[in-house]
Amino acid sequence: RKLRLFLPRVVSSVKRKVCRMMHHPASQKYSHHRHRLVISLVLLLLLSPPSPRSIFKHDNSGGATFVSALKYCSADNDEGDIMNNGVCPDRNTCCATSQSTTSACITQTAKATDDGVCCSDNDNGIPTGCAPGFICSLLRNEHDDTMKEYVCEKDDSNEEEEENKKSSDEESMEKQPRYHLCTLTKEQLGVVHGLSIQHPVRWSNLRSTTHNLKDFDQETSTTTSNLAYFSTMGSITSTSTISSHQSTRLILIVIHGSARNADDYLCSASVLPHLSQHEYDPNSILVLSPWFLAPTDTTNTTLSFPNNALKWNDVGPIAHTFRYGANDSFFNKISSYRAMDEMVETIMRNKDERFPLLERIVVVGHSAGGQFVQRWALTSSSNVWGDDLETHLQQQQQRELDELRQNENRHKNAVQLRAIVANPRSFAYLDARRFLNGTYQLPPKEMMHSCPGYDEWEWGLKPGGPLAVSYISNSLSSFHSKQQMIDRYMKRNVIYLAGAKDDTTVTASCEDDEFQGRSRLERSANFYAALNILSGERGESVRHVRLVVDGVGHDHTLMFQSDLGLEAIFGDLFLEEEDYELEVDVEEVEL
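Since the model is a prediction, treat every value here as computed from it, not as a measurement.

Regarding the overall build of the protein chain
Helix and strand counts for the protein chain stand at 19 helices and 22 strands. Put simply, 67% of the contacts in the protein chain that link residues at least 6 apart link residues at least 24 apart. Total accessible area on the protein chain stands at roughly 28000 Å², and carbon and sulfur atoms take up 47% of it.

And the structure:
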């Protein structure tokens, strides 16, 4: 057993040494040793046991995290059902389809340990399934037999199991919507693409690392790292995929939660174009799923990763630092928010050649991904938003104005950028007030004294907090005042999705628990009410939209696939007021 654990580490160490030797500028003096090292490496590879296809572990934040790997669906499951020979994301449940080489996939939530339930009936040709503990059910309208509702009902067959579930913290629901299952290929789920991001680095720092030395540019003293991502239509930078992207009208970028299951998010989101009743042809929608890797995610997996894949610390100084804009863990140079900027800017730079019909980019995140999207939308100064032109023009010489304006118009080019924030645990507030006893007010001094960081980053815009983020300080310093950043955020296209059943009490820190609300649902209502107050104080109506999804808890698939989730992604919620008016009931804040 010790040998099985030790050998892969030896192999990894030898790999790094060989790579450094092969690519080091002074490698000529080692040339007579190369053949010996290569032979040794081959022998170690043959001796070492194959890596497991997946691994499940727990982090110090108390939540489950996954290390993803491609799951090959076997010919049959434990019950003897034919599952076909397709692929699914790691820890998903495989279901049969009418195609012998394709399997449908049931998503796996963080707390679930059992397999999901495959349903035998399809919803408009799309396979369906239920979460563990539910059974497939079909409800018919008593007045119109042709109207059917595909649902999952609680399985009461195991009374002891049900009693245990009632005593747990998970929400107890008698009925919930069905999952609409994805059917993706090995090329879509098994290929991790890389988005190149250049950044400065010293050669003396680089040569002592495992970074690929071939990517170092001696003239500019820069190197290239890669943001890992999955895609339903291949690489967004390779010349071989240009023709397949010509008809793309909408690009949907889904941000995973703390489980870092980017493949599962791609799977769930790939079904959305087929569920939408809007004008988009499913073939005109590209789905991307960035993978904000942790340092351990590229080990013990069958997947291959791009060179110099970017990674972010997942345990310190706080859990899952990517969601708050932290710099990468290797060079400490690239913020996760800058990586997001690079992705949308790469899309726009290649628009004329690759995406000539593009109309909209939607960035949607759930849970920790929702925290990421809200804070990124607040602090990002990417020109793709199309709202920073005047601010930055003020800082330029007069002779540069025309050129900058032309560049901005070319980047914007009628493409709308939309951010959707779903079920986050916390928000970054825009001022120091909070809802206390039903009133939006500054907290009493004793509360602030007992929790002094409540308005520091990640919970507010004040400097400090447990995580130093240069991206945030640089963004704030580009404005004359913090109010300018707030004004910019209030004008952006942002939608908040809240699950009506995501009302379980969550506890993490005083900054969350004492100042933002009891549950994710309550925290969402509080934050949106604060936006309404801030807008009213300026004599304006809030531009942002909040939608509450009935019958859904903390589940990214059901949130995205709901009618309101589809409306948030594909609908026209941000037309000019004289052309479109959306009536949204603002839920009263109850503390």
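Here we look at unusual backbone geometry
Here the amide bond leading from Gly 316 into Pro 317 is cis, since omega sits at 0°, within 30 degrees of zero. Relative to the helices and strands, Pro 317 is located in the loop between strand 16 (285-291) and helix 8 (336-349). In the Ramachandran plot, His 320 falls in the positive-phi region, its phi being about 55° despite a non-glycine side chain. Here His 320 lies in the loop between strand 16 and helix 8. Since its relative accessible area comes to 4%, His 320 is described here as buried. In the Ramachandran plot, Asn 437 falls in the positive-phi region, its phi being about 55° despite a non-glycine side chain.

Some thoughts on the confidence of the model for the protein chain
Counting all residues, the mean pLDDT for the protein chain is 81, and 73% of those residues have values of 70 or more. Low confidence marks residues 1-13, where pLDDT is under 50. Its contacts with residues over four positions away, or in another chain, come to eleven contacts. Below a pLDDT of 50 lies the segment residues 576-591, which in the model reaches 23 contacts outside its immediate sequence neighbourhood of four places, other chains included.

Structural notes on helix 17 (residues 520-537)
If you check helix 17, its first and last C-alpha atoms are 26 Å apart, about what 18 residues at 1.5 Å a residue would give, namely 26 Å. Extensive coverage of helix 17 is indicated by the burial of 14 of its 18 residues. The first or second residue beyond helix 17 is Gly 539, which carries a positive phi of 75°.

Topic: the nonpolar core
Ranked by internal contacts, the top residues of the largest apolar core, which has 67 residues, are Ile 253, Ile 347, Ile 361 and Trp 376. With seven residues, helix 8 is the single largest residue contributor to this core. What Ile 347 contacts, discounting residues up to four positions off in sequence, is Ile 236, Ile 251, Ile 253, Leu 288, Phe 355, Leu 358 and Ile 361. One finds Leu 70, Val 271, Ile 285 and Ile 569 within the second-largest nonpolar core, a separate group that totals 61 residues.

Definitions and limits used
- Residues numbered from 1 in each chain as written.
- Predicted model: local features only at pLDDT ≥ 70, side-chain atom pairs only at ≥ 80, totals over all residues.
- Heavy atoms only, no water.
- Helix = DSSP H or I, 4+ residues; strand = E, 2+ residues; numbered from the N terminus.
- Contact = heavy atoms within 4.5 Å.
- Areas by Shrake-Rupley, 256 points an atom, 1.4 Å probe, with all protein chains shown as cover.
- Buried < 20%, exposed > 50% of the residue type's maximum accessible area, 1.4 Å probe, protein only.
- pLDDT = per-residue confidence, 0-100.
- Expected span 1.5 Å × (residues − 1).
- Core = buried A, V, L, I, M, F, W, Y, C linked by side-chain atoms within 4.5 Å.

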